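Examination of the molecular architecture
Spelled out, the chains give:
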Amino acid sequence: MATLRPGSILDPQLECRTPDERRAHLGAGLVVTVAHAWKHAPRFRRQLEAAGLKPGDVHGLRDLSRIPITRKDALPAFQAEEPPFGGLLGGDVASMARLFQSPGPIHDAQGSEGDYWRFRHALAAAGFKKGDVVLVSASYHLTPLGFILDGAARSLGCPVIPGGVGQTELQLKAASGLGATAYLGTPSFLFQLLQKAREGNVPLKLEVAHVLAEMLPESLRSDIESFGVRCLQGYGTADLGCLAYECVEKGGWHLHPETIVEVLDLETGKPAAPGQPGEIVATIFDEAYPLVRFATGDIGTLAPEQRCACGRTAPKLAGLLGRVGDAVKVKGMFVRGGQMEAVLKKFPEAGRFRALVTREQHQDALTYEVEVDNPGQQGLPEAMADALREELKVRGEVKLVARGTLPEGGRKIDDRRVWK
Ligand SMILES: [Zn+2]
């Protein structure tokens with residue numbers, strides 16, 4: 001493989017199509033995917049039938065809006081009803097490479113080895129090149145992010161240090177000792193690593209980072225880049241893989257050339273005009289797990305039609321604005337009020353509660369306030385914090401408060417983070 005320059009285009013055939021070519025390509029992918037899912041995924045077949053459709057009725061992108069939407073929020077119920085994948089898998093479980101359980105709980109599948117989740121385009125756009133030693137600071141346990149990034153890096157010819165999550169000192173030592181030149185993971189953890197390296201005078205050769213799974217405010221990006229590390233971001237989900245990514249021109253995220261991404265008005269369900277917020281709904285051309293019109297619950301806007309100096313022709317997402325419903329992303333993981341409630345119900349002492357999400361030094365902080373009769377109880381906050389962490393996979397501190405402190409009917413998650 002040729003050496004990639006920063007921001008090089010991995011596959012000009014895919015990434016530089018004209019709008020007509022793109023529509024034709026994505027339409028053809030849709031037709032094939034719908035036919036495959038109809039044959040192999042019984043729930044999809046029932047959904048299509050309920051809408052009065054057969055695969056032969058789907059001829060291209062013009063028929064997309066007739067296909068029913070599957071909501072990510074519905075997956076836990078579908079999967080419980082029809083285990084383990086809710087009737088949406090496109091092949092046998094036995095033919096999958098890996099199986100995951102993300103918080104929700106939501107089961108996810110990896111259909112094949114290699115760059116299964118299509119992130120290699122995102123890494124190339126950020127300037128990752130063959131031979132970069134890549135520190136992957138994301139979980140390889142039960143949830144897929146570690147493998148998502150690992151597979152993408154290795155498909156570009158980059159050896160990977162599987163750093164996992166936490167253990168900042170150890171990861172720093174590994175990155176320094178093994179000569180990491182590139183980073184994949186959350187921006188807040190990257191910033192921690194860079195600060196620790198400076199404090200401890202640990203030599204680091206990091207030059208480039210692709211970050212995801214949490215917001216990247218411009219203040220954090222410039223703090224990271226002040227260490228000499230180019231920092232670009234991407235967007236995807238555990239179920240759908242890569243949906244969009246920044247190029248070195250920044251100013252929005254190019255939609256992935258092999259994925260249909262819609263931004264749908266929250267009230268009408270019709271395509272939202274550029275600049276108007278809507279829910280991101282995506283279709284991937286994947287035989288193993290053929291998700292068609294899968295509603296992510298993420299709210300975003302499309303950038304006004306514009307040419308990008310990088311040469312990619314795919315439209316751009318201007319950014320993400322939050323979540324539909326009550327899920328909030330904290331330290332890279334979705335947390336939901338309903339999950340917290342289920343955990344706290346196991347403590348007979350617990351009354352009303354709320355979770356406060358704040359931001360200190362570019363790091364998320366999570367604090368639960370829980371009403372009890374006797375806020376002075378020893379050991380109870382720690383026991384609650386442990387149980388919550390076990391379920392939500394995010395560490396938070398529990399503060400006991402007297403009954404009547406929290407507003408009745410108030411929000412379960414109070415997100416007080418300010419992004420700038
Ligand atoms: Zn571009």
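A quick note: this is a predicted structure, and the numbers were derived from the prediction, not measured. (Residues numbered from 1 in each chain as written. Predicted model: local features only at pLDDT ≥ 70, side-chain atom pairs only at ≥ 80, totals over all residues. Heavy atoms only, no water.)

**Some words on the overall build of the protein**
Definition in use: Counting from the N terminus, the helices are the DSSP runs of H or I reaching at least four residues and the strands are the DSSP runs of E reaching at least two. Computation of the radius of gyration draws on C-alpha atoms, with the globule rule given as 2.2 Å multiplied by the number of residues to the power 0.38. Buried, partly exposed and exposed residues are distinguished by accessible area as a fraction of the type maximum, computed with a 1.4 Å probe on protein chains only: under 20%, between the cut-offs, and over 50%, respectively. Contact between two residues is taken to exist if any of their heavy atoms lie within 4.5 Å; hydrogens are not considered. Where accessible areas are quoted, they stem from the Shrake-Rupley method and a 1.4 Å probe; at the residue level, only the protein chains shown are allowed to cover.
For the protein, the count of helices and strands is 11 helices and 20 strands. Here the C-alpha atoms of the protein give a radius of gyration of 22 Å, agreeing with the 22 Å that 2.2 N^0.38 yields for 420 residues. Projected onto its principal axes, the C-alpha coordinates of the protein cover approximately 65 × 55 × 45 Å. Within the protein, the proportion of its 420 residues that are buried is 53%. Summarising the internal contacts of the protein: among those between residues at least 6 apart in sequence, 65% fall at separations of at least 24. Carbon and sulfur atoms form 52% of the exposed surface of the protein, whose accessible area is close to 18,700 Å².

**Concerning the packing of helix 2 (residues 19-40) against helix 3 (residues 42-50)**
Our working rule: In this analysis an axis means a line fitted to C-alpha atoms, helices contributing only their contacting stretch, and an angle means the value between N-to-C directions, from 0 to 180 degrees. The scheme is simple: roughly parallel for angles under 35 degrees, roughly antiparallel for over 145, roughly perpendicular for 65 to 115, oblique for anything else. In a left-handed crossing the near helix is turned counterclockwise from the far helix by less than a right angle, and in a right-handed crossing that turn is clockwise. Amino acid classes used here: Ala, Val, Leu, Ile, Met, Phe, Trp, Tyr, Cys and Pro are nonpolar; Asp, Glu, Lys and Arg are charged; the rest, including Gly, are polar.
Here helix 2 crosses helix 3 at 110 degrees, and the two axes come no closer than 6 Å. Here helix 2 is positioned roughly perpendicular relative to helix 3, judged by the angle of their axes. You can see that helix 2 and helix 3 cross each other, and the crossing is left-handed. In this structure, helix 2 uses V34, A37, W38 and H40 to contact helix 3, whose residues at the interface are P42, F44, R45, L48 and E49. The class makeup of the residues in the contact of helix 2 with helix 3 is six nonpolar, one polar and two charged.

**Some thoughts on the sheet that holds strand 17 (residues 353-360)**
Rules: For two strands to count as paired, DSSP must find a minimum of two bridges between them.
Strand order in the open sheet formed by four strands is 19-18-17-20, with mixed pairing between adjacent strands. The open sheet terminates on both sides in strands that have one partner only, identified here as strand 19 (397-402) and strand 20 (413-415). Sheet twist, expressed as the mean angle between neighbouring strand axes with direction ignored, is 25 degrees.

**Re the domain arrangement of the protein**
As a reminder, the rule being used: A domain assignment, automatic or from a database, supplies the domain bounds used here. Once two parts are brought into contact, the accessible area they lose, counted with a 1.4 Å probe and summed over both, makes up the buried area. A side-chain nitrogen of Lys or Arg and a carboxyl oxygen of Asp or Glu constitute a salt bridge if their distance falls within 4 Å. For the purposes of these results, a polar contact is taken to be a pair of N or O atoms within 3.5 Å, where, inside protein, one atom must be able to donate a hydrogen and its partner to accept one; residues adjacent in sequence count only when each atom of the pair is a side-chain atom.
Under the domain assignment used here, the protein contains domain 1 (12-325) and domain 2 (329-415). Computed from C-alpha coordinates alone, the two centres of domain 1 and domain 2 are separated by 30 Å. Counting residues at the interface gives 15 residues for domain 1 and 15 residues for domain 2. When domain 1 packs against domain 2, the two sides together hide about 1,200 Å² of surface, and 51% of this comes from carbon and sulfur. Taken as a group, P103, A213 and R323 account for 35% of the area that domain 1 buries against domain 2, more than any other trio of residues on that side. Taken together, the links from domain 1 to domain 2 amount to zero salt bridges. Scanning the region where domain 1 abuts domain 2 turns up three residue pairs in polar contact (both at pLDDT 80 or more). Secondary-structure elements contributing two or more residues to the side of domain 1 that touches domain 2 are helix 8 (187-200) and helix 9 (218-225). At four residues, helix 8 tops the list of elements feeding residues into the side of domain 1 that touches domain 2. Looking at the side of domain 1 that touches domain 2 residue by residue, the classes come out as five nonpolar, six polar and four charged.

**Overview of empty space enclosed by the protein**
Which entries qualify depends on this criterion: The definitions used throughout rest on a 1 Å grid laid over the protein atoms alone, on which a cavity is an enclosed set of points accommodating a 1.4 Å probe that cannot get out and a pocket is an open set flanked by protein within 12 Å on both sides along at least five of seven lines; lining residues are those having an atom within 4 Å of a point. Grid points are joined across faces, edges and corners, and a volume is the space filled by probe spheres set on the points.
Under the defined criterion, the tally for this structure stands at three cavities of 30 Å³ or more. For the largest cavity, the calculated volume is near 40 Å³. As for the largest cavity, its lining consists of L14, E15, R17, R22, P257, T313 and A314.

**Concerning the coordination of the zinc ion**
The line we're drawing: The donor set covers N, O and S atoms within 2.8 Å of the metal, switching to 3.2 Å for Na, K and Ca, and it leaves out water, so a site may look short of donors. The geometry test gives tetrahedral to four donors whose angles all lie between 85 and 135 degrees, gives square planar to four donors and octahedral to six donors whose opposite members are over 155 degrees apart with all other angles between 65 and 115, and gives irregular to the rest.
Listed as protein donors to the zinc ion are C247 (SG), H254 (NE2), C308 (SG) and C310 (SG); their distances from the metal cover 2.1 to 2.2 Å. Relative to the metal, the four donor atoms surrounding the zinc ion lie at angles of 104 to 115 degrees, and the coordination shape comes out tetrahedral. The motif formed by the donor residues of the zinc ion, counted along the single chain, is C-x6-H-x53-C-x1-C. With a gap of 61 residues between them, C247 in the loop between strand 9 (241-246) and strand 10 (253-255) and C308 in the loop between strand 13 (294-302) and strand 14 (316-323) connect regions that are remote in the sequence. Across the pair, exposure class does not vary: C247 and C308 are buried alike.

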